[in-house]
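What the coordinates show
Single-letter residue listing:
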Amino acid sequence: MDISDVEKYCYLILEESNREDRKFTISKLREMCDRQWHTYTLPSSDLQLALKEWLINNWGTNSKEYLETILVISFNFGLDKAFFIKALSLYDGRHVTEFQRDLDKSTGDNINPWWSMEELNNKQ
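Rules of the game
Residues numbered from 1 in each chain as written. Predicted model: local features only at pLDDT ≥ 70, side-chain atom pairs only at ≥ 80, totals over all residues. Heavy atoms only, no water. Helix = DSSP H or I, 4+ residues; strand = E, 2+ residues; numbered from the N terminus. Polar contact = N/O pair within 3.5 Å; in protein donor to acceptor, adjacent residues only side chain to side chain. Contact = heavy atoms within 4.5 Å. Phe/Tyr/Trp six-rings, centres within 6.5 Å; stacked < 30°, edge-to-face > 60°. Lys NZ or Arg CZ within 6 Å of the ring centre and 35° of its normal. Buried < 20%, exposed > 50% of the residue type's maximum accessible area, 1.4 Å probe, protein only. Axes fitted to C-alpha atoms, helices over the stretch in contact; angles between N-to-C directions. Parallel < 35°, antiparallel > 145°, perpendicular 65-115°, else oblique. Left-handed = near helix turned anticlockwise from the far one by under 90°. Disulfide = S-S within 2.5 Å. 1 Å grid on protein atoms, 1.4 Å probe; cavity = no way out; pocket = protein on both sides within 12 Å on 5 of 7 lines; lining within 4 Å. Points joined across faces, edges and corners; volume = space filled by probe spheres on them. Nonpolar A, V, L, I, M, F, W, Y, C, P; charged D, E, K, R; others polar.

Another aspect to go through is the side chain of Asp80. Here Asp80 shows up in the loop between α4 (64-76) and α5 (81-90). A polar side-chain atom of Asp80 sits 3.0 Å from a polar atom in the side chain of Lys52. Ignoring any residue separated from it by four or fewer positions in sequence, one finds Asp80 in contact with Lys52, Asp109 and Asn110.

Shown next as structure tokens:
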């Protein structure tokens, strides 16, 4: 799946979210994370903003599972660090160290989903 397909499906998921349970939408977005990551391209800033706004407007609970899903979506779609930090500050689950590392290893204003690949390439 290329980046244009990922974006098309994400916009469709967000559009359909008006007619379905927020948990179902969250699960569909999480499913898109792997596809997004494997494009090796950040989505458009428009999609990043739409995802962030949807997540903010549909923030359901601060359960570990829900926060973890928000962090995974934020990571894979390269959302802004400020949003990632907000979710991370509320999360105390078993992956907190990994999420903190993702934050620490990302330069710039957004999370870098491919930071580990860059480090590997720099060692070669």
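Moving on from the model shown.
Before going further, it helps to spend a moment on the packing of aromatic side chains. Within a pair of aromatic rings, the relevant descriptors are the distance that separates the centres and the angle that separates the planes. Tallied over the full model, the rule gives four aromatic pairs. Note on Trp59 and Phe83: the rings are 6.0 Å apart at their centroids and 85 degrees apart in plane angle, and the pair reads as edge-to-face. Remark: Phe83 occurs in helix α5 and Trp59 occurs in the loop between α3 (45-57) and α4; sequence separation between them is 24 residues. A network of ring pairs unites the aromatic residues Phe84, Tyr91 and Phe99 as a single cluster. The cationic tip of Lys86 hangs over the ring face of Trp59; the distance from NZ or CZ to the ring centre is 4.8 Å.

The next thing to look at is the environment of Asn58. Position of Asn58 relative to the elements: it lies in the loop between α3 and α4. The exposure class assigned to Asn58 is partly exposed, which follows from its relative accessible area of 21%. When the C-alpha positions of Asn58 and Arg22 are compared, they lie 6.9 Å apart, and in sequence the two are 36 residues distant. Apart from the residues within four sequence positions on either side, Asn58 is in contact with Arg22 and Tyr66.

The next thing to look at is the packing of α4 against α5. Running from N to C, α4 and α5 point in directions that differ by 155 degrees, and their axes come no closer than 9 Å. Considering the angle they form, α4 stands roughly antiparallel to α5. The element α4 and its partner α5 pack so that their crossing is left-handed. Where α4 abuts α5, its residues Leu67, Ile70, Leu71, Ser74 and Phe75 lie against Phe83, Phe84, Ala87, Leu88 and Leu90.

Further remarks concern the state of the cysteines. Applying the stated criterion across every chain, the model contains zero disulfides. Free cysteine: Cys10, not disulfide-bonded; nearest cysteine sulfur from Cys33 at 8.1 Å.

So, about the layout of surface pockets. Within this model, the largest pocket holds a volume of roughly 170 Å³. Taken together, Arg22, Lys23, Ile26, Ser27, Arg30, Gly60, Thr61, Ser63, Glu65, Tyr66 and Thr69 make up the lining of the largest pocket. Listed by contribution, the elements that provide at least two residues to the lining of the largest pocket are α2 (22-37) and α4. With five residues, α2 is the largest single contributor of residues to the lining of the largest pocket. Taken together, the residues of the lining of the largest pocket break down into two nonpolar, five polar and four charged.

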